[in-house]
Amino acid sequence: MAQGPSQPPVVGSRWVLAREQFDTLLDSFRDHGYEVLGPTVRDGAIVYGRIEEVHDLPVGWTDRQEAGSYRLERRDDPALFGYNVGPHSWKKYLFPSRERLFTARREGPSFRVSTEPTEEGPKAYLGVRACEIAAIRIQDRVFTGGPEVDPGYAGRRTRALVVAAQCTQAASSCFCVSMGTGPEVEDGFDLVLTELVGEGPHRFVIEVGTPAGASVLAGVPLVPASPVDLAKVSERLQRTRHAMGRSLEANGIRELLLGRLDHEEWEKVGARCVACTNCTMVCPTCFCHSTEEVPDLAGSRVERWRRWDSCFNLAFSELHGGSVRTSVPSRYRQWMVHKLATWYDQFGSSGCVGCGRCIAWCPVGIDITEEAERVRLPSAPTSRGGRP
Amino acid sequence: MSTDREPSPSADGIPLAPSPFTVRERAAETADTVTLTLDPLTGDRPAPFLPGQFNMLSVLGAGEVAISISGDPARPDELVHTVRSLGLSTQAIGRLSPGSTVAVRGPYGRGWPLEAAWGRDVVLVAGGIGIAPLRPLLYALLRERARFGRLEVIYGARSPQDLVYYRQLQEWRARSNARFQVTVDAAGRDWYGDVGVVTQRIPDCRFDGRNTVAFLCGPEIMMRLSAEALEGRGVRPEAIWLSMERNMRCGVGFCGHCQFGPYLLCRDGPVLPYRELRPLLRVREL
Amino acid sequence: MSGPRTAVGLPELAAHPFLKGLGEGFLRDLVPGTEALDFDTGATIVREGEAAHEFFLIVQGKVGLELVPHDRPRLTVLTVGPEEVFGWSWLAPPHLWRSDARALKPTRVLAISAERLRAALDAHPQDGYRFLGRLVPVLAQRLDATRLQVLDVHRP
């Protein structure tokens, strides 16, 4: 039986946790005050929810993803993390789809703005993939990287313990290698697990990323990782790296897209796109939102709420009672050019992490990697006019 | 510079919390446009602002809207906004009377590069309510009149009844060393001023194109055609500045609504150089 | 109202920016058909529907071009000033003025006889081509402006 370290292990150290002891790890999170959130099967998909014990995880499930398709399938082993990404991402927690910003109460001729102190405790995000860490860091730059810091986001981020899971397989919709965001979790984690299943005992190699991660491991039964275990981790990651279902030429993509804003492909893809907003909802980096005010009937109290919005909505680009982007092609172009090109201008990186969610969850199977290739091909001239 | 404004203590930790202001004065400019002078209710003085910056205003419950500051930047204690009633939020603001409360946060955005004017001829082109973000610049320019060359102001509106700041512009026309051309799209017989669009007034302007800086604010197509006409008279694209408008909802680059190509206009703009905007202004539905 | 018509010499005609640089023979042919006219503020220069016999070069002042819809108030749609021109109904059938032109301040114009002008354009095709080459951009620019006005960019 493994003897857990009674003292927190040092940052950078690597340990092995037996599958049978996984609940001990979950218990330790709770003992340290964390609510555990992680992958779970609901309505035929792996989504993120509250995890009480190991059987809340998608034991023995995997996902099969294609353009416009996502299916769960049984695995022939009892892996806990044997899939890639589902329709949820961690923005569900860090940047909730609806959030009250504040309440303003009338006070005589004036008003006072207040917000209820958060009662949320710390959360452990279990099973965060490399591409998702990249996505969280992208949203960090949006909400905390500028002169104005979003206090709600910043608070939730501070209270989150990132317990990452290495991808030991890739879906056909995955292209994190192209975007430089995976498959290896290299940093940005408190703990990272690599699941080893099917070769020797079912176990997890755990690397300690931060003192906060280390303190959770105190008392958890672990043995030091052996060179063989570590070699297996590397080998799994290598395999995943070469199993990417898709690729996207990210080199020079910003200049390419900004130079092709009048490409004929926008009309073509726009004719297929139904502007359902799915891609923006499942995208782990899409941050656009609107605000709305909810007054009470007496007018003495007004709440201001934030809610997810999408650049595919007609009203998104409203200006003086009309919309700037009335056509669907212009809205698809806005989304894709923002994601892959103008994000660099605005936030210093790509807005795409290669997770493939937008590909799988598009009801008509539009594939961002394919669209990037089509725009790369020169457009046929669309009018007799010369380019200025 | 996004904003140097310190959050007020009561608003600490509250995202995008507005401060209460009261309407000190309300002046009807036209049938649908009012100029409001606001006083803070909390005792804090209004934050200093740069010409071209904007505030987020709201009558609580009716939604927030980005409105440029149109007062004199040398008198930041006098917070002045000129608001045209177009949607629900601006209609609610337009109905405010002295003593009413309005929620304000800001100032936000990058304003006009005033210093670009020094030593040059200066052209201002305003269309419609676009005169409002240019007025603080005009105050600042007229205060430093000796530091630059000729000053040409072109202001176009829909009709004589739609002109705002008309009396003040006439005073400036009479008293300041500047040339004002006011033109309207169409007019009745009682109008003896110019009729036509602002681009038609540009050939008439007196300036040395290569040594001119231009500041434009108005409907996008008007700014585009004006910038082209200015270029035609030798003004360099990097010396032409446009105040761009999109649906600014948060003011701080969080919400994504005011994107224009690579820009988040609330954060990177609203004032941007034509040199960068020129290719983008040619793209449809951007 | 219009004041006295005074004859115009070649130098005065050739000095107007619109005609500057055109051939002397062409301009000389126009001189006998050209008069200088002075209008007080408010005076009507031409009336919509009347025969268009002249082409106008503004020397000084300001002229408003007014649409006269008969069943609704008249509307000024363009003002033109010094060094500019107005009135080309003589060029296209049915040679009737399409709008009123009214002086909005004391105005001096050079009025060139359309008959003389047409004859000179025929007699001096090269200068005629250059003349039209100056007139068409004015028309194009006014058409552009009209399009902007149709867009009604400042509408509420």
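The structure this text deals with has already been given above.
First, a word on scope: everything that follows refers to the structure included in this document. (Residues numbered from 1 in each chain as written. Chains lettered and ligands numbered in written order. Predicted model: local features only at pLDDT ≥ 70, side-chain atom pairs only at ≥ 80, totals over all residues. Heavy atoms only, no water.)

Attention now moves to the overall build of chain B. When you go through chain B residue by residue, the secondary structure sums to six helices and 15 strands. Computed over the C-alpha atoms, the radius of gyration of chain B is 18 Å, within 12% of the 19 Å expected from 2.2 N^0.38 for a compact globule of 286 residues. Counting across all 286 residues of chain B, residues that qualify as buried make up 65%. The contacts of chain B with a sequence gap of at least 6 include a subset with a gap of at least 24, amounting to 70%. Looking at chain B, you have 34 positive and 31 negative side-chain charges, and the mean spots of the two groups are 4 Å apart. (Helix = DSSP H or I, 4+ residues; strand = E, 2+ residues; numbered from the N terminus. Rg over C-alpha atoms; globule rule 2.2 N^0.38 Å. Buried < 20%, exposed > 50% of the residue type's maximum accessible area, 1.4 Å probe, protein only. Contact = heavy atoms within 4.5 Å. Lys, Arg positive; Asp, Glu negative; His and termini not counted. Charge placed at Lys NZ, Arg CZ, Asp CG, Glu CD.)

Moving on, we come to the overall build of chain C. A count of helices and strands for chain C gives four helices and seven strands. Secondary structure elements of chain C occur, N-terminal to C-terminal, as β-α-α-β-β-β-β-β-β-α-α. A compact globule built from 156 residues should have a C-alpha radius of gyration of about 15 Å, and chain C, at 16 Å, falls within 12% of that. Along the three orthogonal principal directions, the C-alpha set of chain C runs to about 55 × 30 × 25 Å. Expressed as a percentage of the 156 residues in chain C, the buried residues total 44%. Within chain C, counting contacts between residues at least 6 apart in sequence, those at least 24 apart form 78% of the total. Element-wise, carbon and sulfur atoms account for 56% of the exposed surface of chain C, whose accessible area totals about 7,900 Å². (Areas by Shrake-Rupley, 256 points an atom, 1.4 Å probe, with all protein chains shown as cover.)

Here two pairs of chains make contact, and the pair sharing the most contacts is chains A and B. One finds no contact linking chain A with chain C; the least C-alpha distance across the pair is 8 Å.

With that out of the way, let us pick up the environment of A:Thr210. Residues and elements named next belong to chain A. Assignment of secondary structure puts Thr210 in the loop between strand 11 (203-208) and helix 6 (211-217). Between the alpha carbons of Thr210 and Val11 there is a distance of 5.6 Å; along the sequence they are 199 residues apart. Dropping the residues within four chain positions of it, Thr210 is found in contact with Val11, Phe189 and Asp190. A polar contact of 2.6 Å, which involves the side chain of Thr210, links it to the side chain of Asp190. (Polar contact = N/O pair within 3.5 Å; in protein donor to acceptor, adjacent residues only side chain to side chain.)

Taken residue by residue, helix 6 (residues 274-281) of chain B has B:Tyr274, B:Leu277, B:Leu280 and B:Leu281 as its buried positions. Mapping the buried residues of helix 6 of chain B onto a view down its axis gives an arc of 120°, with all of them on the same face. (Arc of directions from axis to C-beta.)

Below, the discussion takes up the interface of chain C and chain B. Counting residues at the interface gives 23 residues for chain C, matched by 26 residues for chain B. Surface buried jointly by chain C and chain B totals about 2,200 Å² across both partners, of which 54% is contributed by carbon and sulfur atoms. For the pair chain C and chain B, the interface holds three salt bridges. C:Asp152 is paired through a salt bridge with B:Arg158; the nearest N and O atoms lie 2.7 Å apart. Our count for the chain C to chain B interface comes out at nine residue pairs in polar contact (both at pLDDT 80 or more). (Buried area = accessible area lost by both parts, 1.4 Å probe. Salt bridge = Lys/Arg side-chain N within 4 Å of Asp/Glu carboxyl O.)

It is worth spelling out the sheet that holds strand 10 (residues 194-195) of chain B at this point. Residues and elements named next belong to chain B. Taken together, seven strands build an open sheet; the order of strands is 10-9-8-7-11-12-15 and the sheet is mixed. Two strands close off the open sheet at either side, each with one partner strand: strand 10 and strand 15 (271-273). Lying over the sheet, helix 2 (residues 131-143) contacts strand 7 (121-127), strand 8 (151-157), strand 9 (179-184) and strand 11 (212-217), oriented at roughly 155° with respect to strand 7. (Pairing = 2+ DSSP bridges. Axes fitted to C-alpha atoms, helices over the stretch in contact; angles between N-to-C directions.)

To continue, consider the interface of chain A and chain B. Listed per partner, the contact involves 47 residues of chain A and 46 residues of chain B. Between chain A and chain B, the buried area comes to about 3,800 Å², and carbon and sulfur atoms account for 59% of it. Counting the surface chain A buries against chain B, the share from its top three residues, A:Phe111, A:Glu148 and A:Gln346, is 16%. Summed over the shared surface of chain A and chain B, the result is one salt bridge. For A:Arg304, the salt bridge goes to B:Glu64, with nearest N and O atoms at 3.0 Å.

Residues and elements named next belong to chain B. For helix 2, which comprises 13 residues, the first-to-last C-alpha distance of 18 Å matches the rise-based estimate of 18 Å (1.5 Å per residue) to within 8%. Counting buried residues along helix 2, 12 of its 13 residues qualify, which places the element largely inside the surrounding structure. For helix 2, every residue scored as buried is listed here: Ile131, Ala132, Pro133, Leu134, Arg135, Pro136, Leu137, Leu138, Tyr139, Ala140, Leu141 and Leu142. (Expected span 1.5 Å × (residues − 1).)

So, on to the packing of aromatic side chains. Evaluated as defined, the whole model comprises 33 aromatic pairs over all chains. For the ring pair A:Trp90 and A:Tyr125, a centre distance of 4.8 Å and an interplane angle of 15° mean the geometry is stacked. Linking A:Trp90 in the loop between strand 5 (69-74) and helix 2 (91-94) with A:Tyr125 in strand 8 (residues 123-128), this pair joins segments that are 35 residues apart in sequence. Given a relative accessible area of 2%, A:Tyr125 falls into the buried group. With a centroid separation of 5.6 Å and an interplanar angle of 70°, the aromatic rings of C:Phe55 and C:Phe131 are classed as edge-to-face. Separated by 76 residues along the polypeptide, C:Phe55 in strand 4 (residues 54-67) and C:Phe131 in helix 4 (residues 125-151) bring together distant segments of the chain. Across this residue pair, the class does not change: C:Phe55 and C:Phe131 are buried. Put simply, the rings of A:Phe95, A:Phe143, A:Tyr153, A:Phe287, A:Trp308, A:Trp343, A:Phe347 and B:Phe254 touch in pairs and so form one group of aromatic residues. Here the basic side chain of A:Lys91 rests over the ring of A:Trp308, its NZ or CZ set 4.5 Å away from the ring centre. The ring of A:Trp305 carries A:Arg98 above its face, with NZ or CZ at 4.4 Å from the centroid. (Phe/Tyr/Trp six-rings, centres within 6.5 Å; stacked < 30°, edge-to-face > 60°. Lys NZ or Arg CZ within 6 Å of the ring centre and 35° of its normal.)

Attention shifts here to the sheet that holds strand 1 (residues 19-28) of chain B. Residue and element names in this part refer to chain B. In spatial order, the strands read 4-3-6-1-2-5; together these six strands make up an open sheet with antiparallel pairing. Each having just a single partner strand, strand 4 (64-68) and strand 5 (79-84) make up the two edges of the open sheet. Direction aside, neighbouring strands of the sheet carry axes that sit 40° apart on average. The pairing of strand 1 with strand 2 (residues 33-40) spans seven bridges and is antiparallel. In the sheet register, Phe21 faces strand 2, and the bridge partner there is Pro40.

Residues and elements named next belong to chain A. With respect to the helices, strands and loops of the structure, Thr62 is situated in strand 4 (residues 61-66). Reaching out from Thr62, the side chain makes a polar contact with the side chain of Gln169 at a distance of 3.1 Å. Leaving out residues up to four positions away in the same chain, Thr62 has contacts with Arg71, Leu72, Glu73, Arg75, Gly82, Tyr83 and Gln169.

This part is about unusual backbone geometry. Going from A:Gly182 to A:Pro183, the amide bond is cis rather than trans, its omega being 0°. Within the secondary structure, A:Pro183 is located in the loop between helix 5 (176-179) and strand 10 (191-196). In this model, B:Tyr165 sits at a positive phi of 55°, which is unusual for a non-glycine residue. By secondary structure assignment, the location of B:Tyr165 is in the loop between strand 8 and helix 3 (166-175). A positive phi angle, close to 55°, is found at C:Asp152, a residue other than glycine. Judged by relative accessible area, C:Asp152 falls into the buried class, the value being 17%.

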